[in-house]
Amino acid sequence: MLQRALYAPFLVQLVVVRRCNLSCGYCNEFDEVSPPVPTEVLQERMRHIRRLGAFSLEFTGGEPLLHPDLPALIRYAKDQGILRVMMISNAFLMNEAKVEELNAAGLDHLQVSVDGVEPNDVTIKTLKPLRAKLEVIARVARFKVTLSGVIGSTVADDALEVVRFAKEHGFTPRVLLLHGHD
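What counts as what
Here the residue index of a chain counts from 1 through its sequence in written order. Local features in this predicted model are restricted to residues of pLDDT 70 or higher, and side-chain atom pairs are both shown and tallied only at a pLDDT of 80 or more, whereas totals for entire chains, interfaces and linings draw on every residue. Based on all heavy atoms of the structure, the side-chain values leave hydrogens and waters out of the count. Each pair of aromatic rings taken from Phe, Tyr and Trp, with Trp reduced to its six-membered ring, is defined by centres within 6.5 Å and is described as stacked if the planes are under 30 degrees apart, edge-to-face if over 60, and tilted in the remaining cases. Only DSSP runs of H or I with at least four residues qualify as helices, and only runs of E with at least two residues qualify as strands; both kinds are numbered from the N terminus onward. Buried Ala, Val, Leu, Ile, Met, Phe, Trp, Tyr and Cys residues that are joined via side-chain atoms within 4.5 Å together make up what is termed a nonpolar core. Three labels apply to residues, based on accessible area from a 1.4 Å probe with only protein chains included: buried if under 20% of the type maximum, exposed if over 50%, partly exposed otherwise in between. Should any heavy atoms of two residues lie within 4.5 Å, those residues are counted as being in contact. To get an axis, fit a line to the C-alpha atoms, keeping to the stretch in contact for a helix; angles then go from 0 to 180 degrees between the N-to-C directions. For this classification, under 35 degrees means roughly parallel, over 145 means roughly antiparallel, 65 to 115 means roughly perpendicular, and everything else is oblique. Note on convention: the crossing is left-handed when the near helix lies turned anticlockwise from the far helix by less than a right angle, right-handed when the turn is clockwise. Here, a salt bridge means any Lys or Arg side-chain nitrogen found within 4 Å of an Asp or Glu carboxyl oxygen. Any two strands with at least two DSSP-identified bridges between them are counted as paired. Consider the strands pointing away from the viewer: the crossover is right-handed when the path from the first strand over the helix to the second runs clockwise.

Caption draft 1: Just the packing of aromatic side chains, in detail. Scanning the entire structure with this criterion turns up 1 aromatic pair. Consider the rings of F10 and F55, whose centres lie 6.4 Å apart with planes at 35°: the pair is tilted. A residue pair is termed long-range when its members are at least 10 positions apart, and F10 in the loop between α1 (2–7) and β1 (11–17) and F55 in the loop between α2 (39–52) and β2 (56–61) qualify at 45 residues.

This is the structure in structure tokens:
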């Protein structure tokens, strides 16, 4: 165990799909045409991640919820003995049934970034259209949630509003700075 603690990766991020259901103006981490990475390929990668001794695995994309086998992939990661299974999502595809699926699969943590309060020319990934989905997550999820207010696509006061919303709903609040191709 000491060898694992000293030399194993703490966190591995695994892209499960490049496609995204959004097209935020600052993002270069998606495309609109790629099919999901085949489940068998992802399972082999997870076996390799386990051989490396990784403690945590984070599913990312594009939008991971676009992968048709995502709940099964989460369960597979847990079955491989990966201690913490996480996901980064824009949450637009969330509903009560999807949250229940993620609960049953064993998801440990979800991270959602919110780019402000009102949609703007750069992004619709804002509190106004996400509020109801985030409230469902707060009510139904058994996994931890980090809600990040993002400074850069909107004013700093909006990020503080996201932080307030996160605290009111039992999420871990965080503030991030916008990243982009430049």
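Caption draft 2: Just the nonpolar core, in detail. Membership of the largest hydrophobic core comes to 47 residues, with the highest contact counts inside it found for F59, L134 and I137. The greatest single-element share of this core, amounting to 6 residues, is contributed by helix α5 (residues 127–140). In this structure, I137 is in contact with A91, M94, V99, L110, F143, V145 and F171, ignoring residues within four places of it in sequence.

Caption draft 3: How the structure looks around the packing of helix α4 (residues 96–105) against α5. Contact geometry for α4 and α5: axes closest at 9 Å, N-to-C directions at 40°. Between α4 and α5, the interaxial angle falls into the category oblique. Considering only the axes of α4 and α5, their crossing is right-handed. Contact residues: α4 offers E96, V99, E100 and N103, while α5 offers V136, I137, R139 and V140.

Caption draft 4: Inspection of the pattern of salt bridges at higher detail. Under the definition given, this model contains 8 salt bridges. In this structure, E44 engages R51 in a salt bridge whose closest nitrogen and oxygen atoms are separated by 3.2 Å. Residue R51 is classed as exposed on the basis of its relative accessible area, which comes to 56%. Notably, a salt bridge pairs E118 with K128, separated by 3.8 Å at the nearest N-O pair.

Caption draft 5: Structural view of the pairing of strand β3 (residues 84–88). Taken together, the 4 bridges between β2 and β3 define a ladder with parallel strand orientation. Each bridged residue has a counterpart across the sheet, and for E58 the counterpart in β3 is M86. In this fold, β2 hands off to helix α3 (residues 70–79), which returns the chain to β3; that crossover is right-handed. In the sheet, β3 pairs with strand β4 (residues 109–114) via 3 bridges, with the strands oriented parallel. Paired with I88 across the bridge in β4 is Q111. Handedness of the crossover is the feature at issue here: the chain leaves β3, passes through α4, returns alongside β4, and the resulting connection is right-handed.

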